[in-house]
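A closer look at the structure
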Amino acid sequence: QVQLVESGGGLVQPGGSLRLSCAASGRILGINTMGWYRQAPGKQRELVATIISGDSTNYADSVKGRFTISRDNAKNTVYLQMNSLKPEDTATYYCNANINTIWTTRRDYWGQGTQVTVSS
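Residues numbered from 1 in each chain as written. Predicted model: local features only at pLDDT ≥ 70, side-chain atom pairs only at ≥ 80, totals over all residues. Heavy atoms only, no water.

Remarks on the state of the cysteines
Going by this rule: Throughout, a disulfide means two cysteine sulfur atoms within 2.5 Å of one another. Numbering of helices and strands starts at the N terminus; helices are DSSP runs of H or I of at least 4 residues and strands are runs of E of at least 2. A 1.4 Å probe rolled over the protein chains alone gives each residue an accessible area, and that area as a share of the maximum for its type sets the label: buried under 20%, exposed over 50%, partly exposed in between.
Evaluation of the coordinates by the stated rule reveals one disulfide. Put simply, Cys 22 and Cys 95 are joined by a disulfide, and their sulfur atoms are 2.1 Å apart. Classification of the bridge connecting Cys 22 and Cys 95 rests on its S-S torsion, roughly -80°, and on that basis the disulfide is left-handed. Here Cys 22 is found in strand E3 (residues 18-26), whereas its partner Cys 95 is found in strand E9 (residues 91-101), with 73 residues between them in sequence. Residue class for Cys 95 comes out buried when judged on its relative accessible area of 0%.

Brief notes about a nonpolar patch on the surface
For clarity, the cut-off: Like-charged residues are merged into a patch within 9 Å and nonpolar side chains (Val, Leu, Ile, Met, Phe, Trp, Tyr) within 5 Å, provided each residue has over 30% relative accessible area and no salt bridge. Every accessible area reported is derived by Shrake-Rupley at a probe size of 1.4 Å, with residue values counting cover from the shown protein chains alone. The term salt bridge refers to a pairing of a side-chain nitrogen on Lys or Arg with a carboxyl oxygen on Asp or Glu at a separation within 4 Å.
On the surface, a cluster of nonpolar side chains totalling about 380 Å² of accessible area is made up of Leu 29, Ile 102 and Trp 103. By secondary structure assignment, the location of Trp 103 is in the loop between E9 and strand E10 (107-110).

Details of the environment of Glu 88
Along the chain, Glu 88 falls in the loop between strand E8 (77-82) and E9. We classify Glu 88 as exposed; its relative accessible area is 55%. In this structure, the C-alpha to C-alpha distance between Glu 88 and Gly 8, residues 80 residues apart in sequence, is 18 Å.

Considering the side chain of Arg 38
The following threshold applies: Throughout this description, a polar contact denotes any pair of N or O atoms lying within 3.5 Å of each other; where both atoms belong to protein, one of them has to be capable of donating a hydrogen while the other can accept it, and for residues adjacent in sequence the pair is counted only when both atoms sit in side chains. We call two residues in contact whenever any of their non-hydrogen atoms come within 4.5 Å of each other.
Mapped onto the fold, Arg 38 is located in strand E4 (residues 28-39). Here the side chain of Arg 38 touches Ser 62 through a polar contact of 3.4 Å, side chain to side chain. The residues touching Arg 38, leaving out its near neighbours within four places in the chain, are Gln 44, Arg 45, Glu 46, Val 48, Ser 62, Val 63, Phe 67, Glu 88, Asp 89, Ala 91, Thr 92 and Tyr 93.

Some thoughts on the nonpolar core
For clarity, the cut-off: We define a nonpolar core as any set of buried Ala, Val, Leu, Ile, Met, Phe, Trp, Tyr and Cys residues linked to one another through side-chain atoms lying within 4.5 Å.
Core analysis: the largest hydrophobic core is formed by 32 residues, its most contacted members being Trp 36, Leu 80, Met 82, Tyr 93 and Ile 99. Among the secondary structure elements, those contributing two or more residues to this core are strand E1 (2-7), E3, E4, strand E5 (46-51), strand E7 (67-72), E8, E9 and strand E11 (114-118). With five residues, E9 is the largest single contributor of residues to this core. Contacts of Ile 99, omitting those with residues within four sequence positions, involve Val 2, Leu 4, Ala 24, Ile 28, Gly 30, Ile 31, Asn 32, Thr 104, Thr 105, Arg 106, Arg 107 and Tyr 109.

Right under this line is the structure:
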């Protein structure tokens, strides 16, 4: 079994910062792409940022220059540093990881979601 556990969400004022973390655990042989997605009420889930094992990153246009994704391969953890937050960043943020185990290869796993609310 593989689990992704997120932390770091909360309430922040516009212009503030938050750092999300997501740790993968279980019988993991390797992790390929890791990423963050978000879903606001009444909207579809959308990609925020991804990072592959070679540290190549990809960002949604709406967060470029404000968010930074990084990973610690030794800890099987991915981070999302969010700066200059805007009310439109309010959403539930989900961690995603594409993982190889002894049973499966390149399977996607999701975290339970963490709420980020940007409001004054």
